Amino acid sequence: MIELKHISKSYPNKKTTFHALEDVNLTIQPGEIVGILGYSGAGKSTLVRIINGLIEPSKGVVSIDGHDLDLHKQQAIDRMRHTIGMIFQHFNLIHSMTVYDNIKLPLDIAKYPQDKDKRILELLSLVGLSDKKDMYPKSLSGGERQRVGIARALANHPKVLLCDEATSALDQKTATDILDLLKQIHQQTGVTIVFITHQIEVVKALCDRVVVMDGGRIVEDTPIKDLFVHPQSEVSKSLLQTFKYETTESDIYELVYNHKNSNDTILSDCIKQFHIDVNIKYAKTLALKSETIGFLYVQFFGQQTEDAIAYLKAHQVEVNRYA
Ligand SMILES: Nc1ncnc2c1ncn2[C@@H]1O[C@H](COP(=O)(O)OP(=O)(O)OP(=O)(O)O)[C@@H](O)[C@H]1O
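Residues numbered from 1 in each chain as written. Predicted model: local features only at pLDDT ≥ 70, side-chain atom pairs only at ≥ 80, totals over all residues. Heavy atoms only, no water.

Where an unreviewed UniProt entry is consulted, the protein chain appears under the name ATP-binding cassette domain-containing protein, with the organism given as Paracholeplasma manati.

Right, dumping it as structure tokens:
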């Protein structure tokens, strides 16, 4: 478990002090996949560097598995390095080393106690690069380089994988492949994944929970579905603009179906039972990691509209007044 308790990070300059993080409190449970989402400058990279001990907070404490991280104590740093693996936007591989040797490096540093060759071959197979072990990074595609980065980060069996904009330098198809690989690794190993990103598509595909940052603060911490159905912060609303149904009409309701009720004939039952008419203006589906949600934007006509809405809600269809 990672706990950030009242973390602040300030950078004093000649005239004023710049607050990159202010009173950030966050608990990440083992096995979670959490997205840290925000625009550039929100403080995401600062937060991740504090979690992995690269920079020291001005105030507050990072605690990993109940142990406070004290960067002045080598034992605490060693424990943290053993617990956390990290992947980066630009992969950070060593170009003079082969794929095999890049993955071997953290095993050498940590004096891996078991058969290193066996572990490297396991990792190569996990990331789908068994046939590329003798190649150098410059001959690999971006997606393959990130696969090496993932294998290297997982070498010492970390409990947490920190991903800093790890798909931002990749095209959409390759990014999707890397996100699929991370989901597969999560299923196989149960590793906690913390993914820093400014891309809402990434959290949509990968995460169970999203922490939204703005101006060095956490402004929203929510299950992924709620981010899309009930965004609270201005940042979330702004990031969701591309998913939004735009209309100038009025009297529109948003009906939200989940994976449990999407096969039922609730709306047509409702039309028959309450003698109403329904005008469907727009429909869309949203594929999240664990479920697909359906959205219908409709106008109701008829005397018994209120009863019809109550019927829909009773059948677990969420009904929101939209416009
Ligand atoms: N060493 C530093 N000295 C002064 N200001 C800094 C320093 N490091 C970061 N900052 C400032 O802190 C703020 C947060 O930066 P940070 O890199 O954490 O944001 P971010 O959300 O990760 O954005 P990006 O995705 O663009 O990296 C920025 O305004 C940045 O200029």
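Colleague: Could you clarify how one ought to interpret the overall build of the protein chain in this entry?
Modeller: When helices and strands are counted, the protein chain shows 11 helices and 14 strands. Along the first, second and third principal axes, the C-alpha set of the protein chain runs to 75 × 55 × 35 Å. Among the 323 residues that make up the protein chain, the fraction classed as buried is 48%. Considering only residue pairs separated by 6 or more positions, the protein chain has 68% of its internal contacts joining residues 24 or more positions apart. (Helix = DSSP H or I, 4+ residues; strand = E, 2+ residues; numbered from the N terminus. Buried < 20%, exposed > 50% of the residue type's maximum accessible area, 1.4 Å probe, protein only. Contact = heavy atoms within 4.5 Å.)

Colleague: Teacher, can you tell me more about the domain arrangement of the protein chain here?
Modeller: The parts lose accessible area when they come together, and the size of an interface is often stated as this lost area. The domain architecture assigned to the protein chain consists of domain 1 (2–241) and domain 2 (248–321). A separation of 39 Å is found between the C-alpha centroids of domain 1 and domain 2. Counting residues at the interface gives 12 residues for domain 1, matched by 12 residues for domain 2. For the pair domain 1 and domain 2, the summed buried area comes to about 910 Å², and 63% of that belongs to carbon and sulfur atoms. (Domains from an automatic or database assignment. Buried area = accessible area lost by both parts, 1.4 Å probe.)

Colleague: When you look at the nonpolar core in this model, what are you seeing that I'm missing?
Modeller: Of all hydrophobic cores here, the largest spans 59 residues; its most connected members are Ile150, Leu161, Leu182, Ile200 and Phe228. With 6 residues, helix α6 (residues 172–189) is the single largest residue contributor to this core. Looking at which domains feed residues into this core, each of domain 1 (2–241) and domain 2 (248–321) gives three or more. What Ile200 contacts, discounting residues up to four positions off in sequence, is Leu37, Leu227, Phe228, Leu239, Leu240 and Phe243. Val24, Leu69, Ala76 and Val211 belong to the second-largest nonpolar core, a separate cluster that totals 28 residues. (Core = buried A, V, L, I, M, F, W, Y, C linked by side-chain atoms within 4.5 Å.)

Colleague: Teacher, can you tell me more about the packing of aromatic side chains here?
Modeller: To describe a pair of aromatic rings, you give the distance between the ring centres and the angle between the ring planes. According to the stated counting rule, one finds 8 aromatic pairs in the structure shown. Consider the rings of Tyr245 and Tyr297, whose centres lie 4.8 Å apart with planes at 45°: the pair is tilted. Within this pair, whereas Tyr245 is found in the loop between α9 (234–239) and β11 (253–257), its partner Tyr297 is found in strand β13 (residues 292–301), the two being separated by 52 residues in sequence. Judged on exposure class, the residue Tyr245 and its partner Tyr297 are both buried. Judged by centre distance (5.6 Å) and plane angle (65°), the ring pair of Phe274 and Tyr311 falls under edge-to-face. (Phe/Tyr/Trp six-rings, centres within 6.5 Å; stacked < 30°, edge-to-face > 60°.)

Colleague: Can you help me understand the site of the ligand in this one?
Modeller: Neighbouring residues of the ligand: Tyr11, Phe18, Ala20, Tyr39, Ser40, Gly41, Ala42, Gly43, Lys44, Ser45 and Thr46. The contact in question runs from an oxygen atom of the ligand to an N or O atom on the side chain of Lys44, over 2.9 Å. Within the side chain of Thr46, one N or O atom sits 2.5 Å away from an oxygen atom of the ligand. For the ligand, the accessible surface in isolation is 630 Å², of which the surrounding protein chains cover 59%. The biggest single contributor to the shell around the ligand is helix α1 (residues 44–51), with 3 residues. By residue class, the composition of the shell around the ligand is 5 nonpolar, 5 polar and 1 charged. (Near = heavy atom within 4 Å. Polar contact = N/O pair within 3.5 Å; in protein donor to acceptor, adjacent residues only side chain to side chain. Areas by Shrake-Rupley, 256 points an atom, 1.4 Å probe, with all protein chains shown as cover. Nonpolar A, V, L, I, M, F, W, Y, C, P; charged D, E, K, R; others polar.)

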